[in-house]
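Structural overview
What follows is each chain in one-letter form.
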Amino acid sequence: MSLARIVLLLFVTASAAFAQVPNCKVCGGSGREPCAKHAKVECPLEDSVRFCSFVAKCADCGGAGFVACKKCAGEAVLKTLAKKRERVALEAEKLASYDETMGRPLRKGSTDHFTLVFELDDLKVEKRLLHSHELLHLYLQRLEALYADYVTLLDARHADFRERFQVFVWYLDPDQMKASLAFCEQGAPAGVKLMGAHPRFSTCANKRWFTTDEQLHRDLLHMVSHLILSHEEPQAWMGNQKGGWAEEGLGHWFEYRGFQRCDNYCFQEQNTNNDYKGGDYKLLCRKLVATDDAPAIASVFERNTDTLLRDEHVVAFSYVDYLLSLDGAKFGKLCADLRRKVPTREALQKHFGLGPLEFERRWKEWVLATYPTQKD
Ligand SMILES: [Zn+2]
Ligand SMILES: [Zn+2]
Ligand SMILES: [Zn+2]
Ligand SMILES: [Zn+2]
């Protein structure tokens, strides 16, 4: 389902829940009006989040973004709005520790599966310059879309994720240093992840690190996919127990699907935004296979994430691409086994009925048959 369609569905569902007097001149039948304290076009954004710091303290709407229609609001609307305000107040308490840690009120929001601190003032998204409020909502929406994609693709169960993912995007370098240490247990200038039980990611996103919205978006797809993978039951970080190919492969897979390009790599706690020969992994992979230069599968299956070499990243992406094309649910089960420290060759045999050499033979055939030889 496309993003636009998801947004539309959300909006339709939200409107239906409020329907009061069909022809009310004040509210158009929704039973509620945008709160006058905020930009009218931004009020509907609040329907898809649990909390948004830009409206949370509003005395008129209590963070709901809407107030009851003075002409027609019935009990159902009043109840829904009251519930939303209550939830906003609860979330405000939960998220207050972020502000306390950083010593100032932060721009932040939350949804069912994410809390996000997003401190950029503005960023050009496609052709429009978006400001901080819209950016916060856009990135929350993108993170929720990633989670939904992951769950669908790997046939994961919602019950297998216990906590919300916490993502921090800073503008100031000192903020990143302080926050990565405080929230992710390790201070670094950019790209720090805490895997497993308390999944968190903190990065700096000023021009020194990212020059475009597309780069930042791609980086978050890659990095946050690692958090999701490590937080699913059984929780563990496979990247340091020889599951580097699956972890990095899946991170690249999400990058590639969104942008036909991969430029994020995980070395130790750092990430580098770094183009490798243009970053079109399908083109690069096909070339490696066609010239018989693909790295040996036995060595790729032994790597931790931070020891994967450049060409190994490329084939790891493609192994994942191939396995997902065969059966995403089985790939999900294979990943669960990698988190249980089952060796790759054993897990591959168990879920796909393939030994490494047979897997490699079929994978190569598939790459040559389906990957492009040049950019279209
Ligand atoms: Zn009305
Ligand atoms: Zn908002
Ligand atoms: Zn308001
Ligand atoms: Zn990575």
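Thresholds applied
Residues numbered from 1 in each chain as written. Chains lettered and ligands numbered in written order. Predicted model: local features only at pLDDT ≥ 70, side-chain atom pairs only at ≥ 80, totals over all residues. Helix = DSSP H or I, 4+ residues; strand = E, 2+ residues; numbered from the N terminus. Rg over C-alpha atoms; globule rule 2.2 N^0.38 Å. Buried ≥ 20, exposed ≤ 12 C-beta atoms within 10 Å, placed from the backbone. Contact = placed C-beta atoms within 7 Å. Axes fitted to C-alpha atoms, helices over the stretch in contact; angles between N-to-C directions. Parallel < 35°, antiparallel > 145°, perpendicular 65-115°, else oblique. Nonpolar A, V, L, I, M, F, W, Y, C, P; charged D, E, K, R; others polar. Expected span 1.5 Å × (residues − 1). Arc of directions from axis to C-beta. Domains from an automatic or database assignment. Core = buried A, V, L, I, M, F, W, Y, C linked by C-beta atoms within 7 Å. Pairing = 2+ DSSP bridges. Left-handed = near helix turned anticlockwise from the far one by under 90°.

Moving on, we get to the overall build of the protein chain. In terms of regular secondary structure, the protein chain is built from 12 helices and 12 strands. For a compact globule of 376 residues, the expected C-alpha radius of gyration is about 21 Å, and the protein chain comes in at 23 Å, within 12% of that figure. Seen through its C-alpha atoms, the protein chain measures out along the principal axes to roughly 70 × 45 × 40 Å. A buried classification covers 45% of the 376 residues belonging to the protein chain. In the protein chain, the share of contacts with a sequence separation of at least 24, taken over all contacts with a separation of at least 6, comes to 63%.

Within helix α7 (residues 281-290), the full set of buried residues consists of Tyr281, Lys282, Leu284, Cys285, Arg286 and Val289. Of the surrounding elements, those touching the buried residues of α7 are α6 (244-259), α9 (310-326) and α12 (356-370). Once α7 ends, the next one or two residues include Asp292, with phi positive near 60 degrees.

Right, let's talk about the packing of α7 against α9 for a bit. Where α7 contacts α9, the axes come no closer than 9 Å and their chain directions differ by 105 degrees. The orientation of α7 relative to α9 falls into the category roughly perpendicular. Two secondary-structure elements touch here, α7 through Tyr281, Leu284, Cys285 and Leu288 and α9 through Asp311, Val314, Val315, Phe317 and Ser318. Looking at the contact of α7 with α9 residue by residue, the class counts come to 7 nonpolar, 1 polar and 1 charged.

Its 15 residues give α12 an end-to-end C-alpha distance of 21 Å, which sits within 8% of 21 Å, the value for a rise of 1.5 Å per residue. Among all positions of α12, only Phe359, Trp363, Lys364 and Val367 are buried. Along the long axis of α12, the arc covered by the buried residues comes to 130 degrees, so they all point the same way. In α12, the exposed residues that point more than 90 degrees away from the buried face are Leu357, Glu365, Leu368 and Ala369. In this structure, the buried residues of α12 make contact with α7, α9 and α11 (344-352).

Next up on the list: the domain arrangement of the protein chain. Along its sequence, the protein chain is organised into domain 1 (16-35 + 37-43 + 45-105), domain 2 (107-232) and domain 3 (236-376). Taken over C-alpha atoms, the centre of domain 1 sits 44 Å from the centre of domain 3.

Another point: the nonpolar core. It is characteristic of soluble globular proteins that their nonpolar side chains tend to be buried jointly. With 99 residues, the main nonpolar core has Leu116, Leu143, Val167, Val224 and Cys335 as its most contacted residues. Not counting residues up to four positions away in its chain, the partners in contact with Cys335 are Leu154, Leu229, Met238 and Ala246.

Turning our attention to the environment of Leu229. Mapped onto the elements of the fold, Leu229 is located in helix α5 (residues 213-231). The spatial distance from the C-alpha of Leu229 to the C-alpha of Pro199 is 9.8 Å, given a sequence separation of 30 residues. Discounting residues that sit within four places of it in the chain, Leu229 has contacts with Glu247, Leu250 and Cys335.

This part covers the environment of Tyr139. With respect to the secondary-structure elements, Tyr139 resides in helix α3 (residues 132-153). Overall, Tyr139 belongs to the buried group, with 23 C-beta atoms counted inside 10 Å. A C-alpha to C-alpha distance of 8.0 Å links Tyr139 and His217, two positions 78 residues apart in sequence. Residues contacting Tyr139, with those up to four places away along its chain left out, are Leu116 and Phe118.

Attention now goes to the sheet that holds strand β2 (residues 51-52). Here we have 6 strands laid out as an open sheet, ordered β2-β4-β5-β8-β10-β9, and mixed in their pairing. Only two strands of the sheet have a single partner each, and these edge strands are β2 and β9 (192-194). Sheet topology note: the β2/strand β4 (residues 108-110) ladder contains 2 bridges and is antiparallel. Paired with Phe51 across the bridge in β4 is Ser110.

The next thing to look at is the packing of α7 against α12. Orientation of α7 relative to α12, taken along the N-to-C sense of each, is 120 degrees, at an axis distance of 9 Å. Judged on the interaxial angle alone, α12 and α7 are oblique. Between α7 and α12 lies a crossing whose hand is left-handed. Touching Cys285, Arg286, Val289 and Ala290 of α7 are Lys364, Val367 and Leu368, all from α12. Residues that form the contact of α7 with α12 fall into these classes: 5 nonpolar, no polar and 2 charged.

Once that is clear, we can look at unusual backbone geometry. For the peptide bond that leads from Glu233 to Pro234, omega is -10 degrees, which places it in the cis range. Phi angles above zero are rare outside glycine, and Asp155 is one such case at about 55 degrees. Its location among the elements puts Asp155 in the loop between α3 and β8 (165-170). For Asp292, which is not glycine, the phi dihedral falls at a positive 60 degrees. Examined against the element boundaries, Asp292 turns out to sit in the loop between α7 and α8 (297-300).

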